[in-house]
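Inside the fold
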Protein chains: 2
Amino acid sequence: MTGARVLGVDSGGSGLRVALADAGADAGADAGAPGRTASARSREPVRTGPGGIDAGHLLEQLLGLARTLLDAEPGGGPVVAVAIGAAGMSTLGDRLRAEVPGALARALGVRRVALATDAVTAYAGALGQRPGAVVAGGTGMVALGTDLRGWRRADGWGHLLGDCGSGAWIGRAGLEAALRAHDGRTGGSRALLAAAGAALGPAGELPGRVYPRADRPAVLASFAPEVGRCAAAGDAVAAGILAQAARHIAEAAEAVCPAGAADPASGPAPEIALTGGLFRLGEPLLVPLRAELERRLPYARTVPAAGDPLAGAVLLASALARDALLLPPHPTLLHVPGGEPTGDGDTGTGDGGTGGRRPDTAPDE
Amino acid sequence: MTGARVLGVDSGGSGLRVALADAGADAGADAGAPGRTASARSREPVRTGPGGIDAGHLLEQLLGLARTLLDAEPGGGPVVAVAIGAAGMSTLGDRLRAEVPGALARALGVRRVALATDAVTAYAGALGQRPGAVVAGGTGMVALGTDLRGWRRADGWGHLLGDCGSGAWIGRAGLEAALRAHDGRTGGSRALLAAAGAALGPAGELPGRVYPRADRPAVLASFAPEVGRCAAAGDAVAAGILAQAARHIAEAAEAVCPAGAADPASGPAPEIALTGGLFRLGEPLLVPLRAELERRLPYARTVPAAGDPLAGAVLLASALARDALLLPPHPTLLHVPGGEPTGDGDTGTGDGGTGGRRPDTAPDE
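These numbers were taken from a predicted model, which means no experiment stands behind them.

About the thresholds
- Residues numbered from 1 in each chain as written.
- Chains lettered and ligands numbered in written order.
- Predicted model: local features only at pLDDT ≥ 70, side-chain atom pairs only at ≥ 80, totals over all residues.
- Heavy atoms only, no water.
- Least-squares fit on C-alpha atoms with pLDDT ≥ 70 in both.
- Contact = heavy atoms within 4.5 Å.
- pLDDT = per-residue confidence, 0-100.
- Pairing = 2+ DSSP bridges.
- Helix = DSSP H or I, 4+ residues; strand = E, 2+ residues; numbered from the N terminus.
- Buried area = accessible area lost by both parts, 1.4 Å probe.
- Salt bridge = Lys/Arg side-chain N within 4 Å of Asp/Glu carboxyl O.

**Looking at the relation of the copies chain B and chain A**
- Placing chain B over chain A gives an RMSD of 0.0 Å and needs a rotation angle of 180°, together with 0.0 Å of translation along the axis. Here the transformation between the copies is reduced to the relation of a two-fold axis. For chain B, the residue whose C-alpha comes nearest the rotation axis is L160 of chain B, separated from it by 4.2 Å.
- By residue overlap, the copies meet face to face through one surface: 100% of the interface positions of chain B are interface positions in chain A.

**Concerning the confidence of the model for chain A**
All names here are of chain A.
- Across chain A, pLDDT averages 87, with 87% of residues at or above 70.
- Below a pLDDT of 50 lies the segment residues 27-33, which in the model reaches 27 contacts outside its immediate sequence neighbourhood of four places, other chains included.
- Ignoring residues within four places in sequence, the model shows residues 340-365, a span with pLDDT below 50, making 67 contacts including any to other chains.

**Let's talk about the sheet that holds strand β6 (residues 79-86) of chain A**
Residues and elements named next belong to chain A.
- A sheet is described by the order of its strands in space; here 6 strands give the open sequence β3-β2-β1-β6-β7-β13, paired in mixed fashion. The sheet is open, and its two borders are formed by β3 (37-42) and β13 (334-335), each paired with just one other strand.
- With 6 bridges joining them, strand β2 (residues 15-22) and β3 adopt antiparallel strand pairing. Across the sheet, the residue bridging to L16 is S42, located in β3.

**Points about the interface of chain B and chain A**
- If you look at the interface, chain B gives 34 residues, while chain A gives 34 residues.
- In terms of surface lost to chain A, no three residues of chain B exceed W157, L160 and L161 of chain B, which account for 26% of the buried area on that side.
- One can count 4 salt bridges joining chain B with chain A.
- Of the charged contacts, one joins E251 of chain B and R180 of chain A as a salt bridge, the two residues approaching to 2.7 Å between their closest N and O atoms.
- Within the residue set of the side of chain B that touches chain A, elements represented by two or more residues are β10 (151-155), α5 (167-183), α7 (206-210), α8 (216-221) and α10 (236-256) of chain B.

Structure representation (structure tokens):
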């Protein structure tokens, strides 16, 4: 495998990134991209149509960026594996699962391919192939956990049905508290009302600033940092919103985190990592969140995320290249076509390639 | 004034209704439509465009229905006053305030006109011209109160910014609890998960059933009766959602209800009425709501709503006809062009006809 290389891909709302890396030999259970890595990006998000994520559009961008990276290092070894993480892969990835593996075989001669939802690449980037739970938080919020036999997923249902504790959730709660103060209802915060006025305009104009927008969750989430600032400045209502967000985030982590070994000597404690822009809110969120995690998951160890979802995609591709994939395949969360990789054939969840619409994963399915 | 008649109009999401009634002599402080009333309706909602509610479209429907009613009673007296209640009047009613009074003068010879937001006609229908607070609840929720000197309004901010305790709020909370059960998060309800499955499909399909819809609040509200049923059947999570909704509704009522007289002998206690489809959820909501109102507003008297918003519009028109309007005019909530009616010139909030965009009313503005 000396000289062999892999491609990792991260596709999301801000565009598509591709990384070219040495297949490496150290991707067993450790996080982070192995060896040398070069990356390129397109700021054009892959289109989604009635049939789901547009496979042709993704392939066009991916192959263009891959050729740029390969041309920059003409003496390198062959690309032997590709892992793609994409937002919406679990619900909108049927076309990708059907078309991308064959297209990559034809275009690059690659036969080892993984198609993962972005939560799985976030997991792999944060914790590598170790058991635990990762909370990915930004405008939305989803928790994903594995004991290396199957996946559990919690929340990620969007701003109306869930995403409890996310940026949109915090911002929405902050704006509600601002309007409570405006109305003279209980539970209001004058500080949040002033912050809303500065950020979005007078109370009476807020509905017009929010409802006509197609990106309502992002508009709501744009107010979350103001909630953080008000909490840091001592506003009790804002602090209460962040304390409640911390509870919700910890509830999601608790729902997916594998149990600790009864005898700590029999295996490592599961790890928990927080990843994504939500946690840049800093101490006003992190202080109550650490306390909630400690209370609900005393046996787990909270660790910093080692890398981002692109690093996770590279790690998955490296593991595929070396027949060393420990994270369990799954029909929609981590689709690995063409047979189970060695090492988890009996414990994985199967990758029957059904392409069935299973947007979520039942516990240990 | 014998033989004089009035028109009341109610315009909302389900169309436009017009009632023709005797101007009557009993509309002073009492609710309910006076004398004989005939009504007609169009099921075509009045259009809203970039300039707000379409005045031409409203007038076309209003005048057509009015002529139908007048033609059916050819011997009746002249129409001397018209009151129009419309959803969105406060924020989207500039064109109506600018164009409707003149058009009605030209078409019907009517010079006494009131343009009210639907919350004001709901108030007038429920409590007549007596001081108190009315909570109008359906998919949304707004509370409006008056001491007959000015108006206070609370909530009504829509499903993302407020409408706390509304049908959309209850339904959304019920679906969140269903998905918590699905995920294995705390706070979930298996009963609500089963109800959601029966009403809207499997958990994994819920996002696809909600987010693509333009009428998301109505979709959420459609689940509220299921929350009521689960609560009635003993589900503690569903009952908790309704108890929280009751708190939010009572908070809004508390924010707008005028204070009780220090000496009960010095005046009547303010009244509170609940109106709208939300309260058809019945005892699972009403039992905790009555308790919350009793706790927060012990000096107020909860009474049944006497009539609906159309009856409220007729009552306003009758009061205008007799120079007996006690409810306070307001630039956007209750616009009465052409001078203050007698009796409240010094205590009203002014109806300067500015047409300014003031979607809400500050306390006692």
